[in-house]
Structure formats: structure tokens, C-alpha cells
Amino acid sequence: MRISDLLMSNNYLNSMNSSKARIERLQSQVSSGSKINKPSDSPSGTSKILKYFNKLSQSDIYTNNIQNSLAFLKDTTLALENVQSEVVKTLTYITELNNAANSQNLGAFADQIDQSLKAILDSANSQYDGKYLFGGTDFSSVPYGFTTDQGAVEVKANNVSGVQKVKISQNVLQKINLTGTEVFGTILTQNGNIDSNSLVGDIITNQLSINDAEGNSYTYTANYEKTAANTYSLTYDITDSGGASVFSSAPAAKSITFNPTSGAIVSVDGGNSFSFNIKDDSGKINFNLDLNSLKEGNNPSSVSLSANQKNDIFNTLIQIRDNLRLGIVPTEEQENIVKDFNKRILAKITDAGNITNQLYDTEELINNQRAGVEELLSKEQDVDIAKAIMELQSQDYLLQITYKLSAMFLPKSLLDYL
Amino acid sequence: MAISRIFDLSRRSMAWYQRAMDATAHNVANSSNPDYSRQRVIFSTERSEISGGFIWGAGVKIDHILRIRDELTDSGIRTNNQKFYSSNQHSTINGQAEVLFTEPSDLGISTLMDSFFSSWNELSVTPNSSGLRSDVIRAAEKLASKVRTVYEGLDTIKGDILNDAKAKVNDLNNKLKQVQQLNAQINEASAMGYSPNDLMDKRDKVIDDLSKLANINISFDSNNSAIISVGGAFAADRSNVVEFKLVEVNGKLNIVTSQDNIPANISGGELYALTDSYSNYIPKYQNDLDLIIKTLVDSVNSVHTSGYSINNPPQTNINFFEGYENGVLKINSEILLDSNKIAISSDGTQGNGDIAIQIAELNSQKLLNGLSLSDNYSALVSEIGNNKLSADQQAESSQLILQQLEQQKMSYSGVSIDEEMTNMLIFQRSYDASAKLIQIADEMLETLLSLVR
């Protein structure tokens, strides 16, 4: 091969350039700590990294949501514990009232019970981060408050049965609040079986006596009229002792459908919420109707209604207080209402604890998954610094040799010896 | 036979060796000129004389000066020039595009889209928080501004490509003119019996440069004139030269002849990369981005319209995004004024965030091409990265071939100082020897003359 001077110098330049290009790449990896600084460094790696970023950002948000919900639940539990301690106090007063020696001090007891009532009401209206703990999802006003004549406590918000749901993982939507209805409210449960063999037009009627906030008795009447196979129309009314409806206009009928094979309820007005709020125009009658247990079956119709309470805790306490002021000690029925409420609150505290545990479990799961994703990300992205430095050194060595050799040979020619 | 013949023969050879030294000097002077082909002096014997029954040699003469050049290497270099320069340009353009996306980092559309959806998720926990509502708006604004930067950046690249292509077409036209002029000069010199070596070097250089711009075809006619066609369209020969221009039809950039609009089918060189990127690559990137953002806008809006705002009275059927066009993502101006108009309540109560959860869930739903939006986006980013990488790899492989061919060319045509110095010594010795002969002949003549005295 014939060697020309340009060939020599070009050869030298080429090898020096490729050596420097390798050094440049290694050096940028070491200084940024990342193997992939632009998509063309590794297109498939980039797409993986973006996916991992996405997963990490999602787990961040789930962790955030869980933290937030835990704080909310902590406040909920605290409020419930406050309520419970007031209820226990009240029960103590009622027990003490059974002692005839205390009959002189009924007024003082009335004041004590009034204190407890106000404390419970206060807890029922407590907030976390601008949200009423027991206000459902309607934060337009305080959930509970006295009526204008101070004679009763009523639900001030439109609806306290709204469920607050929080997404705590890819597939889990967790209910994090205990609704006002669950804790303080009245729930009418419709049980039993509607005969699927009945004819279109057949009507099944069910009735239950309910109380308003002031303890007055009313009658709730529900009619289920078959409109088509597996489909019924629910119309309802609430009438006072004189038989007059409390509604100025009849409430809209609800269409209910059942699963033809299992007989379970599948929709109410096309939706999948089987519990809804019923209240009168004044707001003194306010309860939730729960249709979850209603079924359709072959047997003859056996539909029944039951209520979790006749009077709510607020108004029971008001009645006890007012009666004490009139010199009347609490009845056994009233005492039972308070005892039942105590059990209910304890159950709700347990519920809140269960949700809290569920959140902790999910958080741990998310943290584990997160650690896995972070490890994958690091594998894809992080530079093995030790390895890179070793390579850098060997490239540097090669470059130095290139310099030395070219400095030795490039300037020489026959010219030097002539 | 006269002694003067020795004088004559030696004088002529001295003159020839002096010329040979000239050629060596020319070679040495051009030893660093990469476009120069070394020239070799080809000696031959002078026409001999017949006298006294013998054929007498009449000394040396320079037959011609040979340009050392290998046509095969030249054509290999030109073919690989087309490949290398188009791949290299593709790589540059895709490199500019990938930088715009700033991936993978916290500043890219991917992360901003994630935080946009996360902000909805967070809002769903405390739906009545005005702080979280503004967070949603801020996240949307950040996303919008990045989308706009990327889209406008791609537009700028397109504009730059167009300017560059215009300049390159001008360059092409100038070079074609030069080829035609050089053809004419070379032809003229050849007709007069000269070998126009340096003009041919010049023409080879211009043709090499042309092969960097576009796919050209070269042939030589009997008069050693180069006939060039660009992308199949005749471009230049000894007497004619054709001008080319850029035309844009339906967003596609083409090169046609200025006079007759004959299209040149460009498939190599920098002009190929420029027209191809302008017509296909950049519009595809913009299109893909458009599709992703449009789908985002449509799906967020379609969920958002079903929700209720929390201002009094609650409103429904509100769009979150006003629209998206040409990289500009607009948030509903009413929402910008009043964050309470973000409609995430499914029943009108302030504490209901069901719609926000549904919007957050869009992030993992397969909304486009059977993939989620972020997967679509990372597919786009890795496509750009892939295009750059494969252009880099093609450029690298043709560069390796080019380097080898250049080495071959330099080995064959390049000047070696050692060789020239050796030649110089040889020519000098021959020159010296011829001079010595004259001296000897002079002495012979002197001897002869002294006989006469």
C-alpha cells in the first residue's frame, strides 16, 4: 500500500475523533448520572422510563390520597369518640335519675343533658379541611341545626347521605366517610320478597309508622305496582294522623327492576344506587329508604319495612331534657333509644377503624409496588459509575497513546535527513 | 558524428529534468490539498537517429504528465456521499426534534400530562378546595404551554428546513453551472493537446460536492465531458445546464426544473433528508401530537360536561377545554375566571368528586389506537428517538465506508513527501549527470582543439 502524507494525518484524525466521541459519551453519562439523556440514546428505554414515571406519579397520588383520607378518618374517629363519651355521660345521668334521691335536682340534670346534646351536635357538625365529617357530600350548609323555634334538631343540608369516594389504587375506590344518615339518621329498610308471578297492574302495599323530628307520628306508605316483567313502579306517601299527605305534590314514582334469574334488585330509575333520601317540605321528616334487601321471587309476596330508630338521638335528648324541666323522668323507651345509639356509635367507630386499616394495607402495597418500579427505573436509567469510570480511563489511555504515536511519526519525512 | 551532439542531447535532458523538478515542486506544493491528485512525469526516449548503420538514441523527453486518479474509488465516494449526507441530515433534524420534547425528564409532556391527571385525582378527595381547583388549572396551563412549545418548535424546524433547502438548491444550481463551465474549459484544453489535470481535479471536487447535495448520475462522453443528471432529470453537460427550484404541493416539498417543471426524484444527499423531513417526518410528529392532545381534550370534555360546578346555582354541560388547534390548547375562559366552574360533582353537591375520579381514570384508559394517551405519547417520543438512532447508525456505517474510500483515494492520489523527495534526488542526479556530460564533452573538444595547435 502506498502511504501518502494526507493518509497518515487523516488516519490519525479519524482514530482520535472516535476515541474522543467515546470519551464524550461516557463523560456525559457520568456527569448526568443517567444512561438515557435523550430518546435516541435508547428509544425502547425511553418508552419504558416514561411508563415508570407514569406509574410512580400514580402511586404518588394514591399515597397522597391515602394520607389525606387517613387524616380525615382520624378526625372522624375523634368526633365519634367525643359523641360516644357524651352518650355514656347521658346514660349515667339517666341511671342516676332512677334514684329517687335525685328527683329534687331534675333541672340540674336537664342542664347536663342539654350540655351533652350541644356537644354531640357540635361533633356532628365538625369539619376537616372544609369538609363536614358527617355532612355526606353536601357542604352547602352545616349538616345539623336547631329548628327556628329551637324545639328540635333537623338536617339543615339538603342531603347528608352522600358518599365520599377516594381512589386509593388502580382499581379500588374506597368510601372514606361515615355519612350523617349512617351515624345519626333514620334508615327505613325494605325487606322481603315481591311475587314474580303477580300480574301487571297488581299492587303490593306496605306501611310503617315513623316520627318526625319533634316526635309526632306519621304513616309511611309504599306501593309497588308491577308495570312489566321484573319491573315495578314505587309510589310512596307520608300522611299525618288525620290522613293528610305531608307533600304539597306527590313525589315522583321510582322505577325498580330485578334480575330475572337471581331476583336481586338491579336498578332504581336506571341507576345502581338502591338507597335514597326521602324528606318532607319542612325537613322535619328526613330518612333514607334502603332497598338493597328487596327481592323478587316465586313465593307469595312478603314485603316488610323496618326502621333502625323511631326518634333520632338529638330529639330524644331534647325530649328527655324538656320532660326533666317539667319534672318527668326519662321513660324506659327513651333510655333504650340512647342505649341503642351508643351501640350504633361503637359500631361506627369500628367501621372507621376498618377503613383506616384498609387504607394502611393499601398504602403498604403501593409502597412495595413503588419500590419495585423504582428498581426497574434505576436499572433502565442509572449509570454504573464504577464501570463507566473504568471505561473512561481506558479510553483516556488509548487517546494518550494516539497523541504520542502521532507526535512521533507525523512530523517526520525524508526531508529531515537531506 | 559530432561531439556537439553530446552537448545537444545533454542540454535537452537538463531542460527536461528541470521540467520534471517543476512537476515535483507542484506536487509538494499541493501535498496538503485534499482535492489534489498527484501528477507523475512520464518519460520516454527521444526519437532516435540512424547513422552509420546504427540507431543512435537521442536522449530523453517528457511524454506527458499523468494525473493519478481512480475512477472506481471516485464513484464509490459519490455513492456513499449521497447516503452519508442524507442520513447525517436526517439525524440532525430528528435530533433537533427530540430535544424539543425534553424527554425523559420532569419537564416533558409525559410528566405534565401525568400531573394534569393527578391533579384531578387529588381534587376528587377534597372537591370543594379552591386551592386544588387552581392546581388543576395550573397543571392544565403547564401542559398547554409545553404542548405549544413543542408544536411551535416543530414549526420552526420546518421553517429552518425550508430555508436550508432553498440555499441548498441555489448551491446545486451554482455547482451545476461550474460543471458545465469546467466541461467547456477541459474540452478546449484537450482539443489543443494539453492534459488539463488541475481543471479535472476542480471538476471532480465540484461533482463530489454535488453528490453531497442530491442523488446524481455521472457519465463521461468521448470528449471527457461530464454529463450530470439530478434525480433522473438531465442537469448539465458541456453546452447545457438546467436550473432547479423548490415547489410545495399539498405540504410536500419537491424539486423540479425551473423551466419545464420536470420533477427530480430526489432520494439521496442532504436535499433528500430536507425534503423528506419537511414533507413526511415533521408533519407526522405534529399530527401524532395533535391526535393525542385532541383525544385528551375530547375525552376530558365529554366527562366534564356531565358534571356539576359548585357555584350557586350549580351548572352543568361545561367544557373544561375550549379547544385545541395548531398546538394551542385553550382552557375554558370561564373556568380560568372562576375555578368553582370546574364541574366534578355528579349530583351538584360540593363534596362529590365522582367526575374528577372519572377524569383521572382517563389516564389509564385505552383512548387512542388501543393504548392509553401516555403510551401513545411515549410511542411518539421513542419513534423520534428511533428515527434519529437509525439515521445515526446509517450515517456511521456509510461514514466508515467513506473513510475507507477516502483512504484509498489518498493512498492512490495523495502526495507522499518522501516519494517526491526521492524523485527530486533522482531528477537532480540526472540533471547533474547531464551537466557533467557537457563538461566532459567540453574537455573532449578542448583535447581535440589542442591537437590542432
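Reading the values: the criteria
- Residues numbered from 1 in each chain as written.
- Chains lettered and ligands numbered in written order.
- Predicted model: local features only at pLDDT ≥ 70, side-chain atom pairs only at ≥ 80, totals over all residues.
- Heavy atoms only, no water.
- Helix = DSSP H or I, 4+ residues; strand = E, 2+ residues; numbered from the N terminus.
- Rg over C-alpha atoms; globule rule 2.2 N^0.38 Å.
- Buried < 20%, exposed > 50% of the residue type's maximum accessible area, 1.4 Å probe, protein only.
- Contact = heavy atoms within 4.5 Å.
- Areas by Shrake-Rupley, 256 points an atom, 1.4 Å probe, with all protein chains shown as cover.
- Lys, Arg positive; Asp, Glu negative; His and termini not counted.
- Charge placed at Lys NZ, Arg CZ, Asp CG, Glu CD.
- Phe/Tyr/Trp six-rings, centres within 6.5 Å; stacked < 30°, edge-to-face > 60°.
- Lys NZ or Arg CZ within 6 Å of the ring centre and 35° of its normal.
- Axes fitted to C-alpha atoms, helices over the stretch in contact; angles between N-to-C directions.
- Left-handed = near helix turned anticlockwise from the far one by under 90°.
- Nonpolar A, V, L, I, M, F, W, Y, C, P; charged D, E, K, R; others polar.
- Pairing = 2+ DSSP bridges.
- Patch = residues over 30% accessible without salt bridge, like charges linked within 9 Å, V, L, I, M, F, W, Y side chains within 5 Å.
- Salt bridge = Lys/Arg side-chain N within 4 Å of Asp/Glu carboxyl O.
- Domains from an automatic or database assignment.
- Buried area = accessible area lost by both parts, 1.4 Å probe.
- Polar contact = N/O pair within 3.5 Å; in protein donor to acceptor, adjacent residues only side chain to side chain.
- Core = buried A, V, L, I, M, F, W, Y, C linked by side-chain atoms within 4.5 Å.

1. With respect to the overall build of chain B
No. 1: Broken down by element type, chain B carries ten helices and twelve strands.
No. 2: Relative to a compact globule of 453 residues, whose C-alpha radius of gyration would be 22 Å, chain B shows 38 Å and is clearly more extended.
No. 3: With respect to the principal axes defined by its C-alpha atoms, chain B has extents near 145 × 45 × 35 Å.
No. 4: Counting all 453 residues of chain B, 50% fall into the buried class.
No. 5: When contacts within chain B are restricted to residue pairs at least 6 apart in sequence, those whose partners lie at least 24 apart make up 69%.
No. 6: When the accessible surface of chain B is summed, it comes to about 20,800 Å², and 50% of that surface belongs to carbon and sulfur atoms.
No. 7: Charge separation in chain B, taken as the distance between the mean sites of 39 positive and 56 negative side-chain charges, equals 8 Å.

2. Some points on the packing of aromatic side chains
All names here are of chain A.
No. 1: Tallied over the entire structure, the rule returns 25 aromatic pairs over all chains.
No. 2: Feature note: the residues F134, Y144, F184, F314 and F341 constitute an aromatic cluster, connected by ring pairs.
No. 3: One Lys or Arg, K254, reaches over the ring of F276 and ends 4.4 Å from the middle of that ring.

3. A word on the packing of helix 5 (residues 313-325) of chain A against helix 6 (residues 332-381) of chain A
Residues and elements named next belong to chain A.
No. 1: Orientation of helix 5 relative to helix 6, taken along the N-to-C sense of each, is 145°, at an axis distance of 10 Å. For the pair helix 5 and helix 6, the sense of crossing is left-handed. Within the contact between the two elements, helix 5 uses I313, T316, L317, Q319, I320 and N323 and helix 6 uses Q334, I337, V338 and F341.
No. 2: Of the residues assigned to the contact of helix 5 with helix 6, the class counts are six nonpolar, four polar and no charged.

4. With respect to the sheet that holds strand 12 (residues 265-268) of chain A
All names here are of chain A.
No. 1: Pairing in this open sheet of five strands is antiparallel, and the strands run 8-9-10-11-12 from one edge to the other. If you trace the sheet from one side to the other, it starts and ends with strand 8 (203-211) and strand 12, each paired once. Direction aside, neighbouring strands of the sheet carry axes that sit 25° apart on average.
No. 2: Bridge count between strand 8 and strand 9 (residues 217-228): nine bridges; the pairing is antiparallel. Directly across from L208, in strand 9, lies its bridge partner Y220.

5. Notes on a nonpolar patch on the surface
Residue and element names in this part refer to chain A.
No. 1: Residues M1, I3, M8, Y397, I401, L405, M408, F409 and L410 make up a contiguous nonpolar surface patch of about 900 Å² in total accessible area.
No. 2: Take the nonpolar patch: its biggest share by element is five residues, from helix 7 (residues 385-409).
No. 3: Mapped onto the secondary structure, L405 falls in helix 7.

6. Quick word on the side chain of T275 of chain B
No. 1: Residue placement: T275 of chain B occurs in helix 6 (residues 269-304).
No. 2: In contact with T275 of chain B, not counting residues within four places along its chain, are L246, L253 and I255 of chain B.

7. Things to note about the environment of S126 of chain A
All names here are of chain A.
No. 1: Mapping S126 onto the fold places it in the loop between helix 3 (106-124) and strand 1 (127-128).
No. 2: Sequence separation between S126 and T76 is 50 residues, and the spatial gap between their C-alpha atoms is 8.6 Å.
No. 3: S126 has contacts with A79, K131, Y132 and L133, leaving out every residue within four places of it along the chain.

8. A closer look at the domain arrangement of chain B
Residues and elements named next belong to chain B.
No. 1: Under the domain assignment used here, chain B contains domain 1 (3-67 + 414-451) and domain 2 (75-396).
No. 2: Relative placement of domain 1 and domain 2: their C-alpha centres are 65 Å apart.
No. 3: Between domain 1 and domain 2, the contact holds eight residues from the first and seven residues from the second.
No. 4: The junction of domain 1 with domain 2 conceals about 610 Å² of combined surface from both sides, 31% of it contributed by carbon and sulfur atoms.
No. 5: Put simply, domain 1 and domain 2 have two salt bridges between them.
No. 6: Across the pair D204 and R67 runs a salt bridge whose closest N-O atoms are separated by 3.1 Å.
No. 7: For the pair domain 1 and domain 2, the number of links is six residue pairs in polar contact (both at pLDDT 80 or more).
No. 8: Per element, the largest residue contribution to the side of domain 1 that touches domain 2 is three residues, and it comes from strand 4 (residues 60-67).
No. 9: The class makeup of the residues in the side of domain 1 that touches domain 2 is three nonpolar, three polar and two charged.

9. A few points about the environment of A108 of chain A
No. 1: By the element assignment, A108 of chain A lies in helix 3.
No. 2: Spatially, the C-alpha atoms of A108 of chain A and L291 of chain A are 44 Å apart, while their sequence positions differ by 183 residues.

10. Some remarks on the nonpolar core
No. 1: Judged by nonpolar contacts, the single largest core of 88 residues is most densely connected at F116, W120, F244, F320 and F321 of chain B.
No. 2: With 20 residues, helix 4 (residues 130-191) of chain B is the single largest residue contributor to this core.
No. 3: With residues near it in sequence (within four places) discarded, W120 of chain B still touches V136, H304, F320, I342, I344, A356, I359 and A360 of chain B.
No. 4: By size, the runner-up hydrophobic cluster in this structure holds 52 residues, among which are Y128, I168, F314 and I349 of chain A.

11. Structural notes on the environment of S304 of chain A
Residue and element names in this part refer to chain A.
No. 1: Structurally, S304 can be placed in strand 16 (residues 302-307).
No. 2: Residue class for S304 comes out partly exposed when judged on its relative accessible area of 33%.
No. 3: In this structure, the C-alpha to C-alpha distance between S304 and N354, residues 50 residues apart in sequence, is 31 Å.

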